[in-house]
Amino acid sequence: MDGIFRKILIANRGEIAVRVIKACREMGIGAVAVFSDADADAPHVRLADEAVSLGPPPAAESYLDMGKIVAAARATGAEAIHPGYGFLAENAAFARRCETEGLVFIGPGSSALELVGDKVRARQTMDKAGVPTVPGMKSCSASAEEFRAAARALGYPVMVKASAGGGGKGMRIVAGDDGLEAAIEAGRREAKSAFGDDSVYLEKCIEEPRHVEFQVLADNHGRTVHLFERECSIQRRHQKILEESPSPALDAGLRREMGETAVRAMRAAGYNNAGTVEFLLDKSGRFYFLEVNARLQVEHPVTELVTGIDLVRQQILMASGAPLELRQEDVAQRGHAIECRIYAEDPKAGFLPSAGRIVFLREPKGPGIRFDSGIAEGFNVPVFYDPILAKLIVWAEDREAARRRMAAALEDCVILGIHTTAGFLGDVIDHPEFRAGRATTAFIGQHFASWGAGEGEEDRRRLALAAAAFEALSPGGSAAGAAGPGRRRVAATPWTTLGRWRAGGEP
Amino acid sequence: MSLAAFELLLDGEIRRISVEARDGALVLREGGRVLETGVRRISANELRLRVGDRSVRIFLARDGDRTCIAVDGRHYVVSEPRTEAGRPGEADEKAGAGGLRVKAPMPGKVTKLAVAEGEEVRRNQTLVIVEAMKMENEIKTSIDGVVAKIHVAAGDLVDAEKILVEVEPTAG
């Protein structure tokens with residue numbers, strides 16, 4: 001393939017760095033990884049052809065340090081930089097710096113990135129292009145009085161949003177005057193830490209909407225096509241945790257209308273490369289432009305599985321200047337795909353982050369199962385970055401078959417040593433509202449406000465005790481040779497027998 | 001055949017059990033209740049337990065003095081009572097004189113101190129914000145009182161269980 005890059009630097013870590021490195025390998029392109037001191041043994045570092053150290057773990061001194069990233073590209077002779085998602089992915093200053101240094105940024109051009117990255121300007125552009133938007137402030141503000149006046153004019157509840165935002169960072173729902181100032185302050189702090197920019201603005205909060213987004217590809221020669229939708233309504237703290245395609249909420253007519261609107265929105269923004277147009281869909285079937293995600297998204301695999309199109313490969317081809325060969329009429333959805341994000345969080349303790357060493361990992365496998373992972377046995381999950389460990393994606397002929405395949409695959413996915421959300425996600429996909437395809441963005445808050453015991457918890461706890469005791473007594477187990485919990489052997493006392501436990505039934 | 005009694009911590013809860021193991025069968029007794037299971041070892045990290053007519057897959061691995069166990073996709077940690085005083089996440093621990101020591105529930109970075117020494121605080125008031133994995137976690141006091149001592153500063157990296165703030169309860 002003439003004109004394609006010989007070497008690409010991947011300015012990211014974790015599962016997305018692994019995903020991009022694999023695409024490079026398939027295309028015969030050299031892959032350069034970068035890593036902080038906390039990631040020296042990470043899978044993305046091992047997989048890459050070359051790896052460059054960025055220094056101390058904090059993101060600001062490593063993965064967000066433009067100077068170090070550019071220097072690493074220079075030192076290794078990389079011609080292009082793939083930013084993944086997060087970190088520098090939507091940073092227009094970084095894209096511009098790449099342009100001036102003669103490096104290709106695998107993503108949109110800096111001016112398009114600047115436009116869509118500024119949520120306020122993006123909304124103005126969409127208004128002009130006739131793309132429906134959520135009512136909200138037309139500009140950011142610094143004054144508490146202006147915020148209060150705007151909130152009252154929009155009518156509570158309102159949403160605080162980071163102008164540079166994405167991924168739920170900096171977002172807060174405010175119910176009344178009382179909480180406004182604190183929410184703005186917290187939003188600013190989180191936005192500053194996540195994006196290095198603390199501008200926030202207010203939007204009217206559409207209640208119980210669905211979140212439906214359209215994947216778009218736009219080459220450097222004016223061709224723009226969409227790859228249909230992803231339904232992303234299952235969110236916690238404004239963070240997506242499960243996505244699927246197609247959306248159970250769209251019929252053919254609405255799907256066509258939203259797809260055409262997404263293409264119009266990207267054209268209005270002068271957008272190139274891969275990007276996503278996010279919409280809110282209200283109960284009456286009206287949809288509103290929310291924002292453009294100017295990057296490869298976490299949930300891109302569901303689109304890959306239903307359309308059969310490799311998004312990372314397309315990104316690299318388009319960035320190298322190749323024209324898109326796809327035509328809109330060639331793109332079709334086939335079957336159904338679901339993705340579950342496996343986070344390092346403890347669902348039994350209010351989803352507290354759970355960093356630490358992975359002592360055992362068993363990846364799910366089988367027909368229609370894909371596991372995009374950035375972890376390995378023995379890897380120490382650091383506290384410094386996003387809690388995403390891996391993504392489990394399944395494909396099957398229809399939604400119910402995909403849902404059942406996901407349930408089985410989640411049970412096969414075993415990560416020991418830290419807490420993860422895998423068990424919680426198993427309960428989510430088993431919920432009647434989800435099974436019926438009726439879940440909105442309010443679903444997790446309404447049905448999973450607290451998650452803990454659940455059915456059969458005491459049975460499972462006893463089985464865990466039985467297993468621990470068996471392990472302590474038996475040679476050849478994972479505890480062999482070590483001082484297991486069986487050390488505390490006391491006199492054998494046959495306790496009174498009153499009943500018989502039945503696991504899986506009522507005690 | 002072997003018979004042994006154990007005192008174990010299961011996710012912070014003390015459980016006293018006795019176990020009898022023979023020929024692939026395990027009899028577990030706890031407070032007068034009995035659980036009989038057939039146990040098959042699949043690998044160093046996987047057991048198959050048969051309970052009644054149900055077969056349950058269990059995965060387990062040692063991590064220092066803890067044993068991490070997955071049952072039906074749920075994660076449990078079993079250890080000896082001595083080695084793990086409590087679950088990280090229960091932020092409070094009573095100090096000697098009835099005061100409260102508020103600890104970091106997980107490793108992270110202190111991004112904000114919301115109170116000063118000597119300040120009066122109310123139950124559920126935020127004392128400190130600790131950021132981990134890019135999410136802000138508000139660490140609150142569970143009692144009314146006065147901030148007696150602050151052990152950290154904004155910008156500090158803290159480990160789990162690190163004492164952040166001490167609160168003396170309001171008299172009366």
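Residues numbered from 1 in each chain as written. Chains lettered and ligands numbered in written order. Predicted model: local features only at pLDDT ≥ 70, side-chain atom pairs only at ≥ 80, totals over all residues.

Draft legend 1. Geometry of the domain arrangement of chain B. Domain annotation for chain B reports domain 1 (2-79) and domain 2 (92-169). For domain 1 of chain B and domain 2 of chain B, the distance between their C-alpha centroids amounts to 37 Å. (Domains from an automatic or database assignment.)

Draft legend 2. The arrangement of the packing of helix 7 (residues 144-154) of chain A against helix 8 (residues 177-195) of chain A in detail. Residue and element names in this part refer to chain A. Interaxial distance between helix 7 and helix 8 falls to 11 Å at its minimum, and their mutual angle equals 130 degrees. What the angle tells us is that helix 7 and helix 8 run oblique. Judged by the sense of rotation from one axis to the other, the crossing of helix 7 with helix 8 is right-handed. Note on element contacts: helix 8 touches helix 7 through Asp177, Leu180, Glu181 and Ile184, opposite Ala144, Phe147, Arg148 and Ala151. Along the lines of polarity and charge, the residues of the contact of helix 7 with helix 8 split into 5 nonpolar, no polar and 3 charged. (Axes fitted to C-alpha atoms, helices over the stretch in contact; angles between N-to-C directions. Helix = DSSP H or I, 4+ residues; strand = E, 2+ residues; numbered from the N terminus. Parallel < 35°, antiparallel > 145°, perpendicular 65-115°, else oblique. Left-handed = near helix turned anticlockwise from the far one by under 90°. Contact = placed C-beta atoms within 7 Å. Nonpolar A, V, L, I, M, F, W, Y, C, P; charged D, E, K, R; others polar.)

Draft legend 3. Structural view of helix 12 (residues 399-412) of chain A. Residues and elements named next belong to chain A. For helix 12, built from 14 residues, the straight-helix expectation of 20 Å at 1.5 Å per residue is met to within 8% by its first-to-last C-alpha distance of 20 Å. The complete set of buried residues in helix 12 reads Ala402, Arg405, Met406, Ala409 and Leu410. Buried residues of helix 12, seen end-on, are gathered within an arc of 135 degrees and therefore sit on one face of the element. Residues of helix 12 that are buried make contact with strand 14 (336-343), strand 19 (369-373), strand 21 (388-396) and helix 13 (422-430). (Expected span 1.5 Å × (residues − 1). Buried ≥ 20, exposed ≤ 12 C-beta atoms within 10 Å, placed from the backbone. Arc of directions from axis to C-beta.)

Draft legend 4. Representation of the sheet that holds strand 9 (residues 210-218) of chain A within the structure. Residue and element names in this part refer to chain A. Taken together, the 8 strands give an open sheet; going across it, the order is 13-12-9-10-11-14-21-19, and neighbouring strands pair in antiparallel fashion. The sheet is open, and its two edges are formed by strand 13 (287-293) and strand 19, each paired on a single side. Neighbour-to-neighbour, the strand axes of the sheet open up by a mean angle of 25 degrees, direction not taken into account. Relative to strand 21, strand 14 runs antiparallel, the two being bridged by 8 bridges. The partner of Arg341 across the bridge, within strand 21, is Lys391. The sheet contacts of helix 11 (residues 311-319) involve strand 9 and strand 12 (273-281), and relative to strand 12 the element is tilted by about 125 degrees. Sheet contacts for helix 12: strand 14, strand 19 and strand 21; angle to strand 21, the most-contacted strand, approximately 140 degrees. (Pairing = 2+ DSSP bridges.)

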